[in-house]
Amino acid sequence: MADHIVNKRDIEFVLYELNDLLALTKHEKYEGMTREDFDIITDEAIKLCKEKLAPLNQAADAEGCRLEDGQVYVPESFKQAYADYGAGGWIAMSHNPDLGGMGLPVPLAIMMAEISIGACGSFMFYPGLTVAAGHLVENFANAELRDLVVPKMYSGEWTGTMCLTEPQAGTAVGDVATTAVAIEGTNEYKIKGNKIFISAGDHQLTDNVLHLVLARLPGDPPGTKGISLFLVPKYRFDGTGKLGERNDVTITGIEHKMGINASSTCSLSFGDQDDCRGYLIGKPRKGIVYMFQMMNEARITCGIQGLALGGCAYRLALEYTKERVQGPKMTERDPSAPNVKIIEHPDVRRNLMLCRAYTEGMRALLYRAAIHADTSHTHPDPEVRERANDMMELLTPIAKAWCTDIGFKVTELAIQLHGGYGYIKEYAVEQYMRDVKIASIYEGTNGIQALDLLGRKMRLKKGGVFLMWLQDINEFLQANAEHATLAAEISAIDKAKNAVAECAFNFTMMGKADPEAAILGATPFLEAFGYVEVGRLLVESAVVAQPKLDAIFAREGATDDEARRQVVIDNPEARFYDSKIKTARFFAANLAPKAVFLAKTIKTGDRSALDIVF
Amino acid sequence: MKILTTVKRVVDPDAKVRLNSDNSGLVTEGLEAKMNAFDQYGVEEAIKLKEAHGGEVIVVSIGDSAGTKEIRTALAMGGDRGVLVTADMSEIDPKGVADLLAAVIEREAPDIVLMGKLSVDSENNQVGQRVAAKLGWPQATFAFTCEVADGWATVGREVDGGTANVRVKLPAIVTADLRLNEPRYASLPGIMKAKRKPIEELTPDDLGVELEPQLIIQGYSLPPARAAGEIVDDVDSLIDRLQNTAKVL
């Protein structure tokens, strides 16, 4: 039953073997937490997602959302699911316990995000937007407003949204035209304007929806420096949180989309009757600054969507190729030879391996990022915190763009592995491709991520952050250069890394000579960087796995290749560790060289895309 | 009301279990452990009873020290405290489990004991019955309903060919079938709270129980592989084969 939604063993590997989640429990914030606690949490997370969320996924996709008399209705099944999700404490797992969060390590929240998005991606917009909005209120609102609304958001009583986009202000968020005017004698503001593409913008799941709206105060400068942040409720509330009349927020439409059909994407009109009231969050003109402090979180969550939906599609494809019988073995010459399961065909295996390497690579990348994110807040040593934060800043655009592009690629390969059946709705795999596509577009398109990496992150601390990354990967590669079984893989990653490093240094010159041509290199550069970082983490995984596999072989007395192969077939732990090594080998041989190739293409400085008259 | 419930740590019933090389035991390395499914119904019923009548839920397990995880899960669902009797489960038979459990029950003196009807790994279906016999308590097995009032439990039982209602005087042993309730999930606040609930660890010696297995496992073997079928030409030859070869007609 819905077994394909999670790969628990690999999640545990990444949490406890590739990384050391328990090291975080030495920090004061997590004092007293144990592996047993985390295991119980993992088991309950999987149970909830498999039994309560996964069964909703396909039906909710077919049902979608509807707008009736100014109210959006999402699939009714989501109502109970949202109540269960909130009551279980899953909405704000890693957030402040004083405000109803659970105060758990970030990597566990990332784990729950992976499993629950895989179980029902469109459902997860409601808790996902709520915790993001709640976190903004927690960090920047005054204490009175914070203490009133955040516990209601974290517990699942009310939901939240993020209202940035307007018809003329998408990627160019500085063009926001919504206005806010203080109402004299109150702490309220009158809000007027239109917002579009607002995820979880309205629904019947909870009694109230709190919109976090970017708007301009009178006289503030144009562009991003003149934008402030407001909390605008669907229903007004008093100082005790008791709901009053409906605020002047109109739902003017919902989008009919390619995927995530049960996530309501709303057009909102604020102040049609000139009576829309909201509260200022934090200081005036700081709206974009506040928003960007939440951006890393949101972008990592996008990456998780790539991982979760790609991973589900891969595991469905794996199940399918183990059952579907077509054609005899390719090497078979006898025309009457029996047909075999398609997983025995080399090209099918290659596609499966691509999916596997990409999926495990994304997981390694994102959970490592989660460890950095947590360390940057909880480590007692300020230097370690700063280092972790720098690493996180550098890797965020890669986590977002690489994982959403690759996640999409995996869903596409998984459909291919299903043959014609993959194109049919009954087989469930096509939904993952439709659902994941949006992740490369929102929260800053992947093109924007590439510019962020090249234009901002590579220049952080005058390039010092990139050099820190370089030093870190070099230390790993040097320490394992003579590895008994993985030296070739180490060498492949080293070549890829050198290509990316050389490319990075060339950009400085290119940027001076021909800035527009240099920008053409941003996307391939991000892609290449992703191949290096993911390749490194997969080879690191293999380095961790090798001695554990050897220990099992020794215990089982498997001394020759045949005996070892039998142990790998019979013993699931041996199979797991062996697959880690094979996956790293595949990535190093087939995918890491892409970084070298991409670096070469950047180096050509080709500017035909700029010169052509379209 | 004092309610005692039991949980057993078992290998995930969906996992593929293999025999070890000399067929003396099972290979469980890398396989997941879980709370026995039927015990979840027992725990849920225990918590519901507490919610209705007040009192305390004690969660008891027997096994190696990793079994605190299953106790902790039951405490996160709403149990109050745990007792783990540490023992090597490969050297203990249903009688031994019943002896240990009866000793814990005598110490705790609960008003009612709720257990799973059997464990999904060995499927002996003996412990509840043995404990009741040993203590001289009434028993109601395979429960799909359970009402407690005025010192009596009225239990609907699933039996061959239908259902039966029994009334038992408390204290009594009730074993749960899978239609008894829908076990709740442990919430994160519940899991956090469970960290502070006590789990007492005891040995068979502490309980004054001497384990003398009456059931000794000599070895394991897989059922023989099924022979290939055969396509016959017509109905007459089918009947002939059934009568004369298979001898089933």
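Caption draft 1: Molecular detail of the overall build of chain B. Helix and strand content of chain B: six helices and 13 strands. A buried classification covers 47% of the 249 residues belonging to chain B. Taking all contacts inside chain B whose residues are at least 6 apart in sequence as the whole, residues at least 24 apart take part in 71%. Surface accessibility of chain B: about 13,000 Å² in total, with carbon and sulfur atoms responsible for 49%.

Caption draft 2: Seen up close, the interface of chain B and chain A. Contacts between the two partners involve 19 residues from chain B and, on the opposite side, 28 residues from chain A. Summed over both partners, the interface of chain B with chain A buries about 2,100 Å², with 58% contributed by carbon and sulfur atoms. For the pair chain B and chain A, the number of links is six salt bridges. Notably, a salt bridge pairs R72 of chain B with E36 of chain A, separated by 3.4 Å at the nearest N-O pair. Inspection of the chain B/chain A interface yields 12 residue pairs in polar contact (both at pLDDT 80 or more). Counting residues per element, the ones that place at least two in the side of chain B that touches chain A are α2 (68-77) and α5 (188-194) of chain B.

Caption draft 3: Main features of the side chain of S94 of chain A. Assignment of secondary structure puts S94 of chain A in the loop between α5 (77-87) and α6 (106-119). If we ignore the near neighbours within four places in the chain, the residues touching S94 of chain A are K29, G103, L104, P105, V106 and A109 of chain A.

Caption draft 4: Quick look at the environment of P94 of chain B. All names here are of chain B. Here P94 shows up in helix α3 (residues 94-108). Given a relative accessible area of 9%, P94 falls into the buried group. Residues P94 and V159, spaced 65 residues apart in sequence, show a C-alpha to C-alpha distance of 22 Å. Not counting chain neighbours up to four residues away, the residues in contact with P94 comprise N124, Q126, V127, R130 and L215.

Caption draft 5: Structural view of the environment of K8 of chain B. All names here are of chain B. Within the secondary structure, K8 is located in the loop between β1 (2-6) and β2 (9-11). In this structure the C-alpha to C-alpha distance between K8 and S61, which are 53 residues apart in sequence, comes to 5.8 Å. In this structure K8 touches K34, M35, N36, D39, S61, M89, S119, D121 and S122, once residues within four positions along its chain are discounted. A distance of 3.3 Å separates polar atoms of two side chains, one belonging to K8 and the other to S119.

Caption draft 6: Region of the structure containing the packing of helix α12 (residues 382-417) of chain A against helix α18 (residues 522-556) of chain A. All names here are of chain A. Remark: α12 packs on α18, axes separated minimally by 9 Å, with the N-to-C direction vectors making an angle of 95°. When the axis of α12 is compared with that of α18, the two are roughly perpendicular. Contacts from L394, L395, P397, I398, A401, W402 and I406 in α12 reach L526, E527, F529, G530, Y531, E533 and V534 in α18. Here the residues of the contact of α12 with α18 are counted per class, giving 11 nonpolar, one polar and two charged.

Caption draft 7: Region of the structure containing α3 of chain B. All names here are of chain B. The first and last C-alpha atoms of α3 sit 21 Å apart over 15 residues, in line with the 21 Å expected at 1.5 Å per residue. Of all the residues in α3, the buried ones are P94, G96, V97, A98, D99, L100, L101, A102, A103, V104, I105 and E108. Those residues of α3 that are buried lie in contact with β1, β6 (56-63), β7 (81-86), β8 (112-116), α4 (127-135) and β12 (172-176). Once α3 finishes, A109 follows within two positions and takes phi at roughly 50°, a positive value.

Caption draft 8: Representation of the sheet that holds β6 of chain B in the model. Residues and elements named next belong to chain B. Across the sheet, nine strands lie side by side as β11-β10-β9-β12-β8-β1-β6-β7-β13; this open sheet has mixed pairing. Every interior strand has two partners, whereas the edge strands, β11 (162-169) and β13 (199-202), have only one. Across the sheet, the axes of successive neighbouring strands diverge by a mean angle of 30°, strand direction being ignored. As paired elements, β7 and β13 share four bridges and run parallel to each other. Its bridge partner being in β13, V83 is matched across the sheet by E200. Strands in contact with helix α1 (residues 37-53) are β1, β6, β8, β9 (139-149) and β12; relative to β1, the strand with the most contacts, it is inclined by about 170°. The strands touched by α4 are β8, β9 and β12; relative to β12, the strand with the most contacts, the crossing angle is about 175°.

Caption draft 9: Representation of the pairing of β1 of chain B in the model. Residues and elements named next belong to chain B. The buried fraction of β1 amounts to four of the five residues, a majority that puts the element mostly inside the structure. In the sheet, β1 pairs with β8 via three bridges, with the strands oriented parallel. Bridged to T5 within β8 is L114.

Caption draft 10: Seen up close, the pattern of salt bridges. In this structure the tally under the stated criterion is 64 salt bridges over all chains. Note that K8 of chain A is salt-bridged to E32 of chain B, the shortest N-O span being 2.9 Å. Highlighted residues: K8 of chain A in helix α1 (residues 8-18) and E32 of chain B in the loop between β4 (26-27) and β5 (33-35), drawn from two different chains. Residue classification places K8 of chain A among the buried residues on the basis of a relative accessible area of 14%. Members of the salt-bridge network, linked through shared partners, are K8 and D43 of chain A together with R9, E32, K69 and E70 of chain B.

Caption draft 11: Summary view of the packing of aromatic side chains. All names here are of chain A. The tally for this structure, following the rule as stated, stands at 23 aromatic pairs over all chains. For the ring pair F140 and Y290, a centre distance of 4.1 Å and an interplane angle of 15° mean the geometry is stacked. Taken together, the residues span a long stretch of sequence, with F140 in helix α7 (residues 125-140) and Y290 in helix α9 (residues 287-293) at a distance of 150 residues. Across the pair, exposure class does not vary: F140 and Y290 are buried alike. Judged by centre distance (5.9 Å) and plane angle (35°), the ring pair of F237 and Y279 falls under tilted. With F237 in strand β8 (residues 235-237) and Y279 in strand β12 (residues 277-281), the pair connects residues that are 42 residues apart, well separated along the chain. Comparing F237 with Y279, the two get one shared label, buried. What links up through ring pairs into an aromatic cluster is the set F466, W469, F505, F507, F525 and F529. Sitting over the ring of Y16, R35 keeps its end group 3.6 Å from the ring centre. Lying across the ring of F408, K437 places its NZ or CZ 4.9 Å from the centre.

Rules and cut-offs
Residues numbered from 1 in each chain as written. Chains lettered and ligands numbered in written order. Predicted model: local features only at pLDDT ≥ 70, side-chain atom pairs only at ≥ 80, totals over all residues. Heavy atoms only, no water. Helix = DSSP H or I, 4+ residues; strand = E, 2+ residues; numbered from the N terminus. Buried < 20%, exposed > 50% of the residue type's maximum accessible area, 1.4 Å probe, protein only. Contact = heavy atoms within 4.5 Å. Areas by Shrake-Rupley, 256 points an atom, 1.4 Å probe, with all protein chains shown as cover. Buried area = accessible area lost by both parts, 1.4 Å probe. Salt bridge = Lys/Arg side-chain N within 4 Å of Asp/Glu carboxyl O. Polar contact = N/O pair within 3.5 Å; in protein donor to acceptor, adjacent residues only side chain to side chain. Axes fitted to C-alpha atoms, helices over the stretch in contact; angles between N-to-C directions. Parallel < 35°, antiparallel > 145°, perpendicular 65-115°, else oblique. Nonpolar A, V, L, I, M, F, W, Y, C, P; charged D, E, K, R; others polar. Expected span 1.5 Å × (residues − 1). Pairing = 2+ DSSP bridges. Phe/Tyr/Trp six-rings, centres within 6.5 Å; stacked < 30°, edge-to-face > 60°. Lys NZ or Arg CZ within 6 Å of the ring centre and 35° of its normal.

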